[in-house]
Amino acid sequence: WRDYVERRQLSDRTKEYYKMMLNSRILPKLGSVKLKDIRPQTLNRFYAWLAQQGISGSTQHKYHGVLYTMLKCAVRWQIISMNPADAVEPPKSDTVEFTPYTDQQAAEMLQALTDEPAQWKAYIYLALYGQLRRGEMVGLDWDSVNGNKIQIKQAAIYARGQGTKLKPPKTASGMRTIIVPPSVEAELRRWKAEQNKQRLRLGEFWYNSGAVFTQWDGQRMHPDTPTRWVHKFLARHGLPHIRLHDLRHTGASLLIACGLDIETVKNRLGHAKASTTLDIYAHAFEHNDRRAADLLEKILQK
């Protein structure tokens, strides 16, 4: 099955994901069991073991998904007659929780950036105001930045043994153009000027990647670098810890709280469906719904 996955037209990241799921726990725990001996109870015991290891429900559900796909292939290839995963209730996914910053906290974070390097100021401003994903940020090239218009055409991923690679967005809606405010445009200009000075200092040793966010020698930044930097930055300034991806959630939540329509928010985020936006940001829309109810009551009570 692993060889079969390699032959399929899957992204490098998906192949890496399958390998990780196999090597981390599936093969160590179930690798010695013959296919014909795998029963629903075998899988139930495996999921119970995952829970005992402190593995979240969402991750357990992912392991079930990989096992289900593998065993489905085994049925199709006539190695086994039925898929034992069909008779198993999948582990329940945990609710994806995130805690976006309030407007006050976001403002404090931006204030804390005052003395930080120009590249990181530009990165945080763009992440917050543009609601870009981590891969989209690292995959951004200067030729996709035109004043206050940012074109999202690709994302950066890291593949083991291959380094940082670029890939197109998963869906057509991921390919989009967003407008950023003057403050973001200004921070990007400052960083580009600083990057040009760095390029002149290094001369022939500069790697001309064309990337907006780079390593010291001009090569595109590693996708994991921003995560580590943001963690240290927040701790250094005593700011509440949030994930890097929560900057995107913060920007989107604040837009919704201001009354921006769901279709515009959906387009900025690059979601294929408005229902996805509604599911993720239900809390923000609920807040607006309460405001609407209170406003209507005030009008009618008058």
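Located above this text is the structure these notes cover.
How each quantity is defined
- Residues numbered from 1 in each chain as written.
- Predicted model: local features only at pLDDT ≥ 70, side-chain atom pairs only at ≥ 80, totals over all residues.
- Heavy atoms only, no water.
- Helix = DSSP H or I, 4+ residues; strand = E, 2+ residues; numbered from the N terminus.
- Buried < 20%, exposed > 50% of the residue type's maximum accessible area, 1.4 Å probe, protein only.
- Polar contact = N/O pair within 3.5 Å; in protein donor to acceptor, adjacent residues only side chain to side chain.
- Contact = heavy atoms within 4.5 Å.
- Phe/Tyr/Trp six-rings, centres within 6.5 Å; stacked < 30°, edge-to-face > 60°.

Looking at where His249 falls in the secondary structure, it is placed in helix α10 (residues 245-257). Classification of His249 by relative accessible area gives buried; the value is 6%. Of the polar contacts made by the side chain of His249, one reaches the side chain of Tyr281; its length is 2.8 Å.

Our focus in this paragraph is the side chain of His64. By the element assignment, His64 lies in helix α4 (residues 57-76). You can call His64 buried: its relative accessible area is 7%. Those residues in contact with His64, other than ones at most four positions away along the chain, are Tyr47, Ala85, Val88, Pro90 and Pro91.

Below, the discussion takes up the packing of aromatic side chains. What characterises a pair of aromatic rings is the spacing of the ring centres plus the angle enclosed by the ring planes. Taken as a whole, this structure holds eleven aromatic pairs when the rule is applied. Relative to Trp77, the ring of Tyr4 lies with its centre 5.2 Å away and its plane at 90°, an arrangement referred to as edge-to-face. With a gap of 73 residues between them, Tyr4 in helix α1 (residues 2-7) and Trp77 in the loop between α4 and α5 (103-112) connect regions that are remote in the sequence. For Trp77, a relative accessible area of 37% translates into the label partly exposed. Centre to centre, the rings of Tyr125 and Tyr129 are 5.8 Å apart; their planes meet at 20°, and the pair counts as stacked. Here Tyr129 and Tyr125 lie together in helix α6 (residues 118-130), a separation of four residues that amounts to about one turn. Ring-pair connections join several aromatic residues into one group, and the members of that group are Trp120, Tyr123, Phe213, Trp229 and Phe233.

Phi at Gln78 is positive, roughly 60°, even though this residue is not glycine. Classification of Gln78 as exposed rests on a relative accessible area of 72%. A positive phi angle, close to 55°, is found at Gln131, a residue other than glycine. The residue Gln131 is located in the loop between α6 and α7 (134-138) in this model. Judged by its relative accessible area of 2%, Gln131 is buried.

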